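In case you want the letters, here they are:
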Amino acid sequence: MPAKTTKNRQTGTRITVGDAESLGHDPAENAWYTICEDHNTLVGHPTATLARSHASDPAGWCEICGDLWDAKQKAGDCKIIGRLVKLVNEWGGELRLVSEKQYESYCDGSNPEYAEAPFSSASLGIDWEPKLIVYTARVEWFEIIHEMGHVFATTDGAFDDEIDEEFDFFGWEFLVAKRVKGNLATWIKSQSDYCVTDPEPDPEEVKQVSASYIHTADFGCLTTKQQTEMIKERIRHAVKRGTVRRTPQGLIPVSVR
Ligand SMILES: [Zn+2]
Ligand SMILES: [Zn+2]
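Figured I'd write up the structure that's included with this text. (Residues numbered from 1 in each chain as written. Chains lettered and ligands numbered in written order. Predicted model: local features only at pLDDT ≥ 70, side-chain atom pairs only at ≥ 80, totals over all residues.)

### Comments concerning the nonpolar core
Grouped together as the largest cluster of nonpolar side chains are 38 residues, with contacts concentrated most on L84, I133, I144, I145 and M148. Elements represented by at least two residues in this core include exactly α3 (63-90), β7 (124-127), β8 (132-135), α5 (141-152), α7 (170-179) and α11 (224-241). Considering each element in turn, this core owes the most residues, seven residues, to α5. Beyond its immediate chain neighbours, meaning those up to four positions away, L84 contacts L95, W141, I144, I145 and V180. In this structure, I15, W32, C36 and A59 belong to the second largest nonpolar core, which totals 10 residues. (Core = buried A, V, L, I, M, F, W, Y, C linked by C-beta atoms within 7 Å. Buried ≥ 20, exposed ≤ 12 C-beta atoms within 10 Å, placed from the backbone. Helix = DSSP H or I, 4+ residues; strand = E, 2+ residues; numbered from the N terminus. Contact = placed C-beta atoms within 7 Å.)

### Quick word on the sheet that holds strand β3 (residues 32-36)
Taken together, four strands build an open sheet; the order of strands is β1-β2-β3-β4 and the sheet is antiparallel. Of all the strands in the sheet, the pair left with one neighbour each is β1 (4-7) and β4 (41-45). Within this sheet the neighbouring strands show an average axis-to-axis angle of 20°, counted without direction. Looking at chain direction, β3 and β4 are connected through five bridges and run antiparallel. Within the sheet, the bridge partner assigned to T34 lies in β4 and is V43. Here helix α2 (residues 48-55) sits on the sheet and contacts β1, β2 (14-19), β3 and β4; the angle it forms with β3, its principal contact strand, is near 15°. (Pairing = 2+ DSSP bridges. Axes fitted to C-alpha atoms, helices over the stretch in contact; angles between N-to-C directions.)

### What to know about the pairing of β7
Of the pairings in the sheet, the one linking strand β6 (residues 115-116) to β7 comprises two bridges and is antiparallel in character. Paired with E116 across the two strands is G125, which belongs to β7. Of the pairings in the sheet, the one linking β7 to β8 comprises four bridges and is antiparallel in character. Each residue of the ladder has a partner; that of I126, found in β8, is I133. Turn length for the β7-β8 hairpin, with the two strands adjacent in sequence and antiparallel, is four residues, and the turn residue K131 shows positive phi of about 55°.

### As for the sheet that holds β6
Pairing between the strands of a sheet comes from backbone hydrogen bonds, and it takes one of two forms, parallel or antiparallel. If you trace the four strands from one edge of the open sheet to the other, you get β5-β8-β7-β6, paired in mixed fashion. Of all the strands in the sheet, the pair left with one neighbour each is β5 (94-97) and β6.

### Looking at the packing of α5 against α7
Contact geometry of α5 with α7 gives a least axis separation of 9 Å together with a crossing angle of 130°. Comparing their axes, α7 and α5 come out oblique. Crossing angle aside, the handedness with which α5 passes α7 is right-handed. Packed against α5, whose contacting residues are F142, I145, H146, M148 and G149, the element α7 presents W172, E173, V176 and A177 at the interface. In terms of residue class, the contact of α5 with α7 is made up of six nonpolar, two polar and one charged. (Parallel < 35°, antiparallel > 145°, perpendicular 65-115°, else oblique. Left-handed = near helix turned anticlockwise from the far one by under 90°. Nonpolar A, V, L, I, M, F, W, Y, C, P; charged D, E, K, R; others polar.)

Everything listed here is a matter of coordinates, which is why it stays silent on function.
Written out as structure tokens, the structure reads:
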């Protein structure tokens, strides 16, 4: 069977799949190969199926493709954060990037109003009154969006990580992610640990939201269909609360402060 070269959609590099013999390799070592033609790297496999499945993910085995892909992702994430900075400014707040060292001064107790995000992978927090969100370089864009929810999509004042409050702006977060062109599959994945279990369910809400998921699980445990259903329901909820507006251009998340 002749080797076949295709352009990979993710990395744009030319990837060849072929059996050892047609590629001029010793079949005793590996029967099949996946080759990155652009970077002259290859990986051997016992079966054709494995060789083909590797063709779709050169970033996973070609080191240079991997580095390029990481850099591309990083640049994309920077663009998203840039759009968040603009949005926060539009809403009269500030998204402030600080070093880890500088960040310490926010948490030293000198500002009792400063609240740290409890579940973030890196240093991140908010001061609700001046609409300030402080973040460090390793914070993910979807984590910033969540904190924005606490600042712009609630009028309650105090930073309060209780589930019912957070649950109010879940749909809003999704629409902010969409507005700043964040990858929505990434956003959905980032919500895997989001607890959709309400400790004290409102009976009316249970009726509306479909009892199948609201009291049972983490978002990541739901089926894709349930996740979609929940996002849609949360968006309707946000429209009702006034944090999302229906416009001729579609559903627009807004600040209520
Ligand atoms: Zn490569
Ligand atoms: Zn929160």
